[in-house]
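For reference, the chains in residue letters:
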Amino acid sequence: DGYRIIARKEGDEITLFSRSGLDWTVRFPAIAKALQSLPAKSALLDGEVAFVLPSGITDFKSLQEHIDTPHPAIRYFIFDLLALGGKDLRKKPLKERRALLAKLTSARGVSNWLVYADYVEGSGLEFFAQACAAGLEGIVSKRADAPYRSGRGKDWLKIKCLRGEEFVIGGYSRSGVKGKPFSSLLLGTFESGKLIYSGKVGTGFDGADFDTLASKFRPLERRSSPFEEVPAPERKDAVWLEPKLVAEVAYTEWTRDGRLRHPSFKGLREDKQAREVHRERRDDEEAPMATTRTAPAKKAGDPTFGGITLTNPDRVLYPDIGLTKLDLARYYEAVAPFMLPYAVNRPISLVRCPEGYAKECFFQRHAMKGMSKAIKEIPIAGGESKKKYLYIEDESGLFGLVQIGVLEIHDWGVSLDHMNEPDRLVFDLDPDEGLDLAILKAAAVEVRDFLADLGFTSFLKSTGGKGLHVVAPLTPKQCWDEVKPFAKAIADALVSARPDRYTANPLKKTREGKIFVDYLRNQRGGSAIVNYSTRAKAGAPVACPLRWDELKGLKAAAPYTARTLPARLKTTKRDPWEGFFSTRQSITTKARKAVGQG
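Residues numbered from 1 in each chain as written. Predicted model: local features only at pLDDT ≥ 70, side-chain atom pairs only at ≥ 80, totals over all residues. Heavy atoms only, no water.

**What about the state of the cysteines?**
Covalent bonding between the sulfur atoms of two cysteines defines a disulfide.
Here comes step 1: For the structure shown, the criterion picks out 1 disulfide.
Here comes step 2: Between the sulfur of Cys353 and that of Cys361 lies a disulfide, 2.1 Å long from S to S. Linking Cys353 and Cys361, the disulfide has an S-S dihedral of approximately 115° and is accordingly described as right-handed. (Disulfide = S-S within 2.5 Å.)

Below, the structure is given as structure tokens:
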């Protein structure tokens, strides 16, 4: 997840070349200096410069932010040695070149800015699964006996956990939000000399991206479209650009009509010419891996979790990342101790996707045939239906939900012991599509502080979607008829204070450029995503409780997935919502008066 760099050492002279042959020595000064520590008069190396986060994961956007600087998190991951001491090694088998490289980089005195990119021999499926679970971009598989060949070929196969490619920016859509330079970028690739439209991307940008891109767009504006053809609806409000800028974009898949599904902007690529950008074909560089299951030889019957037998464990529920039903059960096995206190003995509503999130999904509140007995039922007087409602009481119930293809678990704001007295206030901050994350983060702080002024301690949750929840626990003694109007009064007060930022109107046309403060979850039958539940969305994002001090460094509204959250829990020293269940607070007369209630 960085920049491919060829490094040449000739005596004390170091040169770094981008993949397009540009001299990038000044762009990575610390790497150039570090290469002087190699115990060789001359060497030619192949590798990737990347920015390493404290978690050990690399991050392309951080690399962009710190390019041209000697930032201590930048590393050169070296994976091949093409020449050493004046001897051309390119015809040698890869395994021999790697052995020489390992010896060279492990010598005493070699800078720790240089990292030997180690490898695993065999066990491809297992290694791929581990890479994806760690939140990495993917793996590269290479023929151990192959010589070094420049250009594309099948000796190296890049296998990605999430798909991502480079696209040419041929224009942008104007934004109706004051101060926001664009709402989305219009993308394409060059095929036979023509720029073919691939779709648009409207997510993944932060404030710095908007500023950087806007400044680069101005001198490139043109009157006519550079694309061969663009659908009429997407030509509306478009500003056309000379096709010179290249963006890296993550996405889940291509649609049948050649459009990107669920694209997200990752950053600009400065190391590739726009004319060199072509659509990647899966039989060319990217090899599909649709499942992360272990070898069939190790399988002995259908697996069991919490007494629940998992049928069709190899069914792929998240095809974009190859996450199976078995993987989902293992995820809930890992998070169950943290999740169950928030999920058991509460009425729940479900989103079921038996064939995976990309196929038919449906909402469910009542029992159906085939459900495990671990999924319990309870009648609720005065409900919208005379049918019994659902709840679980232990981890067996949780795995029973996995067995029937549940990808989202939402709970009502009450426990079974207090069916008419809510035990929380939830404010769902739902931003307009493409709204800057910094604005959403600032809004969460505003809502927290507003609630604090009313006497409430509140907690923060990433919903696994594009929004955040601010949740205040309540002592369950006031009924829905008291809680809902109070929640609405708070939402209205926020809108009155910041009409430019908030709306409490659920109609979509009122939300443009704003955050919808959804207070309707605080009504009878209203529900909110349960902590640690997966979402039926690309990438298997999860709802995750956060500490307030984590908000400032949040890079995305949905920072964790079913692949990456278990690792967070292993290193978490305390519950992000520590004190939630012991907090005792109620809606006071003073608080009501403060928001105009009586």
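**Concerning the side chain of Arg97**
Here comes step 1: Structurally, the position occupied by Arg97 is in helix H3 (residues 94–105).
Here comes step 2: For Arg97, the side chain forms a polar contact with the main-chain oxygen of Lys92, separated by 2.6 Å.
Here comes step 3: Residues in contact with Arg97, not counting those within four places in the same chain, are Asp80, Leu81, Leu89, Arg90, Lys92, Ala146, Pro147 and Tyr148. (Helix = DSSP H or I, 4+ residues; strand = E, 2+ residues; numbered from the N terminus. Polar contact = N/O pair within 3.5 Å; in protein donor to acceptor, adjacent residues only side chain to side chain. Contact = heavy atoms within 4.5 Å.)

**Focus: unusual backbone geometry**
Here comes step 1: The phi dihedral of Asp68 is positive, around 75°, even though this residue is not glycine.
Here comes step 2: The topology assignment puts Asp68 in the loop between helix H2 (60–66) and strand E4 (74–84).

**Focus on the pattern of salt bridges**
Here comes step 1: Taken as a whole and assessed by the stated rule, the structure comprises 35 salt bridges.
Here comes step 2: Linking Lys466 and Asp430 is a salt bridge whose minimum nitrogen-to-oxygen distance equals 2.6 Å. On the criterion of sequence distance, the pair formed by Lys466 in the loop between strand E27 (459–462) and strand E28 (468–473) and Asp430 in strand E26 (residues 424–431) is long-range, its members being 36 residues apart.
Here comes step 3: Overall, Lys466 belongs to the partly exposed group, its relative accessible area being 36%.
Here comes step 4: The salt bridge involving Arg521 is made with Asp518; its shortest N-O contact spans 3.6 Å.
Here comes step 5: Accessibility expressed as a relative area gives 25% for Arg521, which makes it partly exposed.
Here comes step 6: Note on Asp518: relative accessible area 11%, which makes it buried.
Here comes step 7: Connected through shared salt-bridge partners, Arg19, Glu166, Glu248, Lys266, Arg269, Asp271 and Lys272 make up one network. (Salt bridge = Lys/Arg side-chain N within 4 Å of Asp/Glu carboxyl O. Buried < 20%, exposed > 50% of the residue type's maximum accessible area, 1.4 Å probe, protein only.)

**Here's the deal with the packing of helix H9 (residues 437–453) against helix H10 (residues 480–497)**
Two packed helices can be described by the angle between their axes and the distance between those axes.
Here comes step 1: For the pair H9 and H10, the least separation of the axes is 12 Å and the interaxial angle reads 120°. Taken together, the axes of H9 and H10 lie oblique to each other. Where H9 crosses over H10, the two elements pack in a sense that is right-handed. Contacts between H9 and H10 pair Val447, Phe450 and Leu451 from the former with Ile490, Ala493 and Leu494 from the latter.
Here comes step 2: Counted by class, the contact of H9 with H10 contains 6 nonpolar, no polar and no charged residues. (Axes fitted to C-alpha atoms, helices over the stretch in contact; angles between N-to-C directions. Parallel < 35°, antiparallel > 145°, perpendicular 65-115°, else oblique. Left-handed = near helix turned anticlockwise from the far one by under 90°. Nonpolar A, V, L, I, M, F, W, Y, C, P; charged D, E, K, R; others polar.)

**A closer look at helix H7 (residues 325–343)**
Here comes step 1: Compared with the 27 Å implied by 1.5 Å per residue over 19 residues, the 20 Å span of H7 between its first and last C-alpha is markedly short.
Here comes step 2: Ala336 marks the point of greatest bend in H7, at about 75°, and the proline Pro337 comes within the next four residues.
Here comes step 3: Asn345 lies just past H7 and shows a positive phi near 55°. (Expected span 1.5 Å × (residues − 1). Bend = angle between axes of the 7 residues up to and from the residue.)

**Let's talk about the packing of aromatic side chains**
Here comes step 1: Per the stated rule, a full pass over the model turns up 29 aromatic pairs.
Here comes step 2: Ring geometry for Phe459 and Trp577: centres 5.7 Å apart, planes at 50°, overall tilted. A residue pair is termed long-range when its members are at least 10 positions apart, and Phe459 in strand E27 and Trp577 in the loop between helix H11 (565–571) and helix H12 (589–594) qualify at 118 residues.
Here comes step 3: Classification of Phe459 as buried rests on a relative accessible area of 8%.
Here comes step 4: Pairwise contacts between aromatic rings join Tyr172, Phe182, Phe205, Phe210, Phe217 and Phe265 into one cluster.
Here comes step 5: The ring of Trp156 carries Lys142 above its face, with NZ or CZ at 3.7 Å from the centroid.
Here comes step 6: Positioned above the aromatic ring of Trp548 is the side chain of Arg448, whose terminal nitrogen or guanidinium carbon lies 4.9 Å from the ring centre. (Phe/Tyr/Trp six-rings, centres within 6.5 Å; stacked < 30°, edge-to-face > 60°. Lys NZ or Arg CZ within 6 Å of the ring centre and 35° of its normal.)

**Examining the environment of Lys508**
Here comes step 1: Locating Lys508 in the fold gives a position in the loop between strand E29 (502–503) and strand E30 (515–518).
Here comes step 2: Given a relative accessible area of 75%, Lys508 falls into the exposed group.

**Considerations on the packing of H7 against helix H8 (residues 395–403)**
Here comes step 1: Running from N to C, H7 and H8 point in directions that differ by 150°, and their axes come no closer than 10 Å. Comparing the axis directions of H7 and H8 gives the class roughly antiparallel. Handedness of the crossing formed by H7 with H8: right-handed. Seen from H7, the contacting residues are Lys325, Leu328, Ala329, Tyr332, Glu333, Ala336, Met339 and Leu340; seen from H8, they are Glu395, Leu398, Phe399, Val402 and Gln403.

**Quick notes on the environment of Asp302**
Here comes step 1: The residue Asp302 is located in the loop between strand E16 (264–269) and strand E17 (304–305) in this model.
Here comes step 2: Sequence-wise, Asp302 and Pro319 are 17 residues apart; in three dimensions their C-alpha atoms are separated by 21 Å.
Here comes step 3: Filtering out sequence-adjacent residues up to four positions away, Asp302 remains in contact with Thr309, Leu310, Thr311 and Pro313.

Read these as geometric descriptors, not functional statements.
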